[in-house]
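Here are the chains, one letter per residue:
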Amino acid sequence: MARAGRGPAVVPLSAGEEAFLRAWSRAALGVPRALDADLQAGQGMSLSEYTALMHLSEAPGRSLRMSDLASACALSLSGMSRIVSRLEAQGLVERERASCDGRGLNAVLTDAGLGRLRRAWPAHLASVRRHMMDHLGELDLPGVTAAVQRFASGTPCAGPQQEV
């Protein structure tokens, strides 16, 4: 409880708000784990690897500066470097010096990497449908998406948000 004169009053959560927070917290931890487990079992690929390949496939020239890729994947630069090293060892990604300044490194999706992403996509899509989309029913998906983007944009690891 907030003390008088110590900042704004703290408003307790309603029962509905508390239920949402707890469900969101379970889903925020559990759904990525389930998606990762499905990709690992079906494709021998982690969700982080899949996400990196996906972002590279969508980037101009299939290339992103390592720091931008890390941000897009909500990972630290060192975590992204480890993932790119694994993908590089499989011939799915290459690292190149950034042409704009020559100091940074870009991760570049290879043709083999694009093929690997295309082969993994159906399994990932089925997993996303099973663990997420099939549970949304009659919800206002654009409204829910906009709300999630608003509170996700306030997190330290949030990257650029796309319009709904």
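Basis of the calculations
Residues numbered from 1 in each chain as written. Predicted model: local features only at pLDDT ≥ 70, side-chain atom pairs only at ≥ 80, totals over all residues. Heavy atoms only, no water. Phe/Tyr/Trp six-rings, centres within 6.5 Å; stacked < 30°, edge-to-face > 60°. Helix = DSSP H or I, 4+ residues; strand = E, 2+ residues; numbered from the N terminus. Buried < 20%, exposed > 50% of the residue type's maximum accessible area, 1.4 Å probe, protein only. pLDDT = per-residue confidence, 0-100. Contact = heavy atoms within 4.5 Å. Core = buried A, V, L, I, M, F, W, Y, C linked by side-chain atoms within 4.5 Å. Salt bridge = Lys/Arg side-chain N within 4 Å of Asp/Glu carboxyl O. Pairing = 2+ DSSP bridges. Axes fitted to C-alpha atoms, helices over the stretch in contact; angles between N-to-C directions.

*Asks:* In this structure, what is going on with the packing of aromatic side chains? I would like to understand it.
*Replies:* Each aromatic ring pair is summarised here by two numbers: the centre-to-centre distance and the angle between the ring planes. Enumeration according to the criterion identifies 2 aromatic pairs in this entry. Considering the side-chain rings of Phe-20 and Trp-24, the 6.4 Å spacing of their centres and the 20 degrees angle between planes classify their relative orientation as stacked. In this pair, Phe-20 and Trp-24 both sit in helix 1 (residues 15-43), 4 residues apart, roughly one turn of the helix. Judged by its relative accessible area of 35%, Trp-24 falls in the partly exposed class. Ring centres of Trp-24 and Phe-151 lie 5.2 Å apart, and the angle between their planes is 90 degrees; on these two criteria the pair is classed as edge-to-face.

*Asks:* Can you walk me through the confidence of the model for the protein in this structure?
*Replies:* The predicted structure's coordinates, where accompanied by low pLDDT, should not be read in detail. A residue-level look at the protein finds 90% of positions with pLDDT of 70 or above and a mean pLDDT of 90. Considering only residues more than four positions removed or in separate chains, one finds that residues 158-164, a stretch of pLDDT under 50, has 10 contacts.

*Asks:* Looking at this structure, I do not really get the environment of Leu-39. What am I missing?
*Replies:* Along the polypeptide, Leu-39 turns up in helix 1. Remark: the alpha-carbon pair of Leu-39 and Ala-120, spanning 81 residues in sequence, is separated by 7.7 Å. If sequence neighbours within four positions are ignored, Leu-39 has contacts with Gly-44, Met-45, Ser-46, Leu-47, Tyr-50, Ala-120 and His-124.

*Asks:* Explanation requested: the nonpolar core in the structure shown.
*Replies:* What tends to happen in soluble globular proteins is that the nonpolar side chains get buried as a cluster. Counting residues in each nonpolar core, the largest one holds 27 residues, and the members touching the most others are Leu-53, Leu-69, Met-80 and Val-93. Looking at this core, the elements with two or more residues in it are helix 1, helix 2 (47-58), helix 3 (66-72), helix 4 (77-89), strand 3 (105-109) and helix 5 (111-131). When residues in this core are grouped by element, the largest group, 5 residues, is from helix 2. Each residue touching Leu-53, except ones within four places of it in the same chain, is listed here: Met-45, Leu-87, Leu-92, Val-93, Leu-109, Gly-113 and Leu-117.

*Asks:* Whenever I open this one, the pattern of salt bridges confuses me. Can you help?
*Replies:* Opposite charge on two side chains makes pairing possible when the charged atoms of those side chains draw close. The full count for this structure, using the stated rule, is 5 salt bridges. We note a salt bridge from Arg-22 to Glu-18, for which the minimum N-O separation is 2.6 Å. Here the residue Arg-22 and the residue Glu-18 both occupy positions in helix 1, the gap between them amounting to 4 residues, near one helical turn. By relative accessible area, Glu-18 is classed as partly exposed at 26%.

*Asks:* Is there a simple way to explain the sheet that holds strand 2 (residues 93-97) in this structure?
*Replies:* What holds strands together in a sheet is hydrogen bonding between their backbones, with the strands either parallel or antiparallel. As summarised here, the arrangement of the 3 strands in space is 1-3-2, forming an open sheet in which the pairing is antiparallel. Edge strands, defined here as strands with exactly one partner in the open sheet, are strand 1 (63-65) and strand 2. The sheet shows a mean angle of 30 degrees between the axes of neighbouring strands, direction not considered. Along the sheet, helix 2 contacts strand 1, strand 2 and strand 3; its crossing angle with strand 3, the most-contacted strand, is approximately 90 degrees. Each of strand 2 and strand 3 touches helix 4; the most contacted strand, strand 2, lies at about 115 degrees to it.

*Asks:* Quick question: what am I supposed to make of the environment of Gly-91 here?
*Replies:* Checked against the element boundaries, Gly-91 lands in the loop between helix 4 and strand 2. Exposure remark for Gly-91: the relative accessible area of 33% places this residue in the partly exposed category. Between the C-alpha atom of Gly-91 and that of Arg-129, which follows or precedes it by 38 residues, the distance is 29 Å. Once residues lying within four places of it in the same chain are set aside, the contact partners of Gly-91 are Thr-110, Ala-112 and Gly-113.

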